[in-house]
Amino acid sequence: MLSERRLEVLRAIVQDYVGTEEPVGSKALTQRHQLGVSPATVRNDMAALEDEGFIAQPHTSAGRIPTDKGYRLFVDKLAGVKPLSSPERRAIQNFLDGAVDLDDVVGRTVRLLAQLTRQVAVVQYPSLTRSTVRHVELLALAPARLMLVLITDTGRVEQRLIDCPAPFGETSLADLRARLNSCVVGRRFADVPQLVQELPDSFEQEDRGTVSTVLSVLLETLVEETEERLVIGGTANLTRFGHDFPLTIRPVLEALEEHVVLLKLLGEAKDSGMTVRIGHENAHEGLTSTSVVAVGYGSGDEAVAKLGVVGPTRMDYPGTMGAVRAVARYVGQILAES
């Protein structure tokens, strides 16, 4: 365990290096921070931190920089994240309140996160596997052709065309719509197949074929939409950090193009707490020079998806974590009210 004083020295090194982009020396530390000890003591503390792998000497310059291990300890020992200012909070609310539908909410969230943190923002669409049904609409387009519209609790809308085996009257359609909604509204997607399996038997013989066709299209929609979608924005922000990536930012950009990699980075949506992965904690080779800050968001207590940012390990962790958490909270409120 590090002593409280050495932890204070490590905090000061992280803050200075993030702020100045320059390796930090003992003289600068004692001048900038009220550490209450002599430069010689700070030098000894820095030597101990280096021996334990928390800081390193990047080249022959006298200064030191934090390692992945040093950033990890800094994040683990954070007393709290940096709260957003009142103008920032108002700006977030005003920007997100203007959204007209789920696609707009996700698009605005990505832009907002990228602007607030000046990192790459990643937002996952609410997962259908964790969603519930808000409404199922059935519309007659022709005597034997229907449109099914599925609306989820998170505002996601899916539409499907259905060719019926026989003409289906308006009365039968209204009856099916009412019975279907009474079965599935407010229920989780995973429960729907069992809830509707006996529905065809409650209709007249001549209508059962069409009812079965409608239900099979509904169930297919629930299954095929479990593929996770996400949106990424602010990739150009990485160019500001060119010197933070050892060789080139190309491996980082290539990794960010792979959605499977990004979904793994964000982690499981059900783990709604804040996660911070630093440097080599990211399994993907192209991302070992980056840090990922992610958190779950949802319309209630349960997270339905994740959002977060990817940037260099030399990151303002308290500020980034505060911004990510605040945006997630506002998006959750919008989904709850929509």
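Under an unreviewed UniProt entry, the name given to the chain is Heat-inducible transcription repressor HrcA, and the organism recorded is Streptomyces kasugaensis. Per UniProt, the chain has the following entry under Sequence similarities (unreviewed entry): "Belongs to the HrcA family." UniProt, in its Function (unreviewed entry) section for the chain, records the words "Negative regulator of class I heat shock genes (grpE-dnaK-dnaJ and groELS operons). Prevents heat-shock induction of these operons."

Bringing the overall build of the chain into the picture now. Helix and strand counts for the chain come out as 12 helices and 10 strands. A compact globule built from 338 residues should have a C-alpha radius of gyration of about 20 Å, whereas the chain, at 26 Å, is more than 25% larger. Here the C-alpha coordinates of the chain stretch approximately 90 × 40 × 35 Å along the principal axes. Per-residue burial for the chain yields a buried fraction of 47% across its 338 residues. Across the chain, contacts joining residues at least 24 apart in sequence account for 60% of those joining residues at least 6 apart.

A separate point is the domain arrangement of the chain. On domain assignment, one finds that the chain holds domain 1 (4-77), domain 2 (86-126 + 228-337) and domain 3 (129-225). Each partner contributes to the interface: domain 1 provides eight residues, whereas domain 2 provides 16 residues. Carbon and sulfur atoms supply 60% of the area that domain 1 and domain 2 bury against each other, a total of about 970 Å² over both sides. Close ionic contact of Glu21 with Arg314 constitutes a salt bridge, the shortest N to O distance being 3.7 Å. Inspection of the domain 1/domain 2 interface yields four residue pairs in polar contact (both at pLDDT 80 or more). The set of elements that each furnish at least two residues to the side of domain 1 that touches domain 2 consists of α1 (4-20) and α4 (68-76). With five residues, α4 is the largest single contributor of residues to the side of domain 1 that touches domain 2. Class assignment for the residues of the side of domain 1 that touches domain 2 results in five nonpolar, no polar and three charged.

Our focus in this paragraph is α1. The end-to-end C-alpha separation of α1 is 24 Å, in line with the 24 Å expected for 17 residues at 1.5 Å each. For α1, the set of buried residues is Leu7, Val9, Leu10, Arg11, Ala12, Ile13, Val14, Asp16, Tyr17 and Val18. Structurally, α1 contributes buried residues whose contacts are with α2 (26-32), α3 (39-51), β1 (55-56), β2 (65-66) and α4. Immediately downstream of α1, the backbone of Glu21 shows phi near 65°, a positive value.

Membership of the largest hydrophobic core comes to 56 residues, with the highest contact counts inside it found for Leu29, Leu307 and Tyr317. Counting contributing residues, this core receives three or more from each of domain 1 (4-77) and domain 2 (86-126 + 228-337). If we skip the residues at most four places from it in the chain, Tyr317 touches Tyr71, Phe74, Val75, Val276, Ile278 and Ser291. Membership of the second largest hydrophobic core comes to 25 residues, among which are Leu150, Leu176, Val184 and Leu218.

Now for the sheet that holds strand β6 (residues 157-163). Ordered by their spatial adjacency, three strands build an open sheet running β4-β5-β6, and the pairing between neighbours is antiparallel. Both outer strands of the open sheet, β4 (133-142) and β6, are each paired with one neighbouring strand and no more. Strand after strand, the sheet turns through a mean of 20° between neighbouring axes, direction not considered. Where strand β5 (residues 145-152) lies against β6, seven bridges are found, and the strand directions are antiparallel. If you follow Leu150 over to β6, its bridge partner there is Glu158. Each of β4 and β5 touches helix α7 (residues 170-184); the most contacted strand, β4, lies at about 165° to it.

Quick notes on the rules
Here the residue index of a chain counts from 1 through its sequence in written order. Given that this is a predicted model, residues contribute local features only at a pLDDT of at least 70 and side-chain atom pairs are listed and counted only at 80 or more, while totals for whole chains, interfaces and linings are drawn from all residues. Just so you know, side-chain values use all the structure's heavy atoms and leave hydrogens and water out. UniProt positions are given in the numbering used here, feature names are shortened, and annotations may be inferred rather than shown by experiment. Per the convention used, a helix needs a DSSP run of H or I reaching at least four residues, while a strand needs a run of E reaching at least two, with both numbered from the N terminus. The atom set for the radius of gyration is the C-alpha atoms, and the globule formula is 2.2 Å times the number of residues raised to the power 0.38. Only protein chains enter the accessibility calculation, which uses a 1.4 Å probe. A residue is then buried if its area is under 20% of the maximum for its type, exposed if over 50%, and partly exposed in between. What makes two residues a contact is simply this: any of their non-hydrogen atoms within 4.5 Å. Where each domain begins and ends is defined by an automated method or by a domain database. Joining two parts hides part of their accessible area as seen by a 1.4 Å probe, and the buried area is that hidden amount summed over both. Take a side-chain nitrogen of Lys or Arg and a carboxyl oxygen of Asp or Glu: if they are within 4 Å of each other, that pair is a salt bridge. In protein, a polar contact requires one atom able to donate a hydrogen and another able to accept it; more generally it is a pair of N or O atoms within 3.5 Å, and residues adjacent in sequence count only if both atoms are side-chain atoms. By the convention adopted, Pro, Cys, Tyr, Trp, Phe, Met, Ile, Leu, Val and Ala count as nonpolar, Lys, Arg, Asp and Glu as charged, and the other residues, Gly among them, as polar. Multiplying 1.5 Å by the residue count of a helix minus one yields the expected span of that helix. To form a nonpolar core, buried Ala, Val, Leu, Ile, Met, Phe, Trp, Tyr and Cys residues must be joined to one another through side-chain atoms within 4.5 Å. Here a strand pair is declared whenever DSSP counts at least two bridges between the two strands. Between N-to-C directions, angles cover 0 to 180 degrees, with each direction set by a line fitted to C-alpha atoms, over the stretch in contact for helices.

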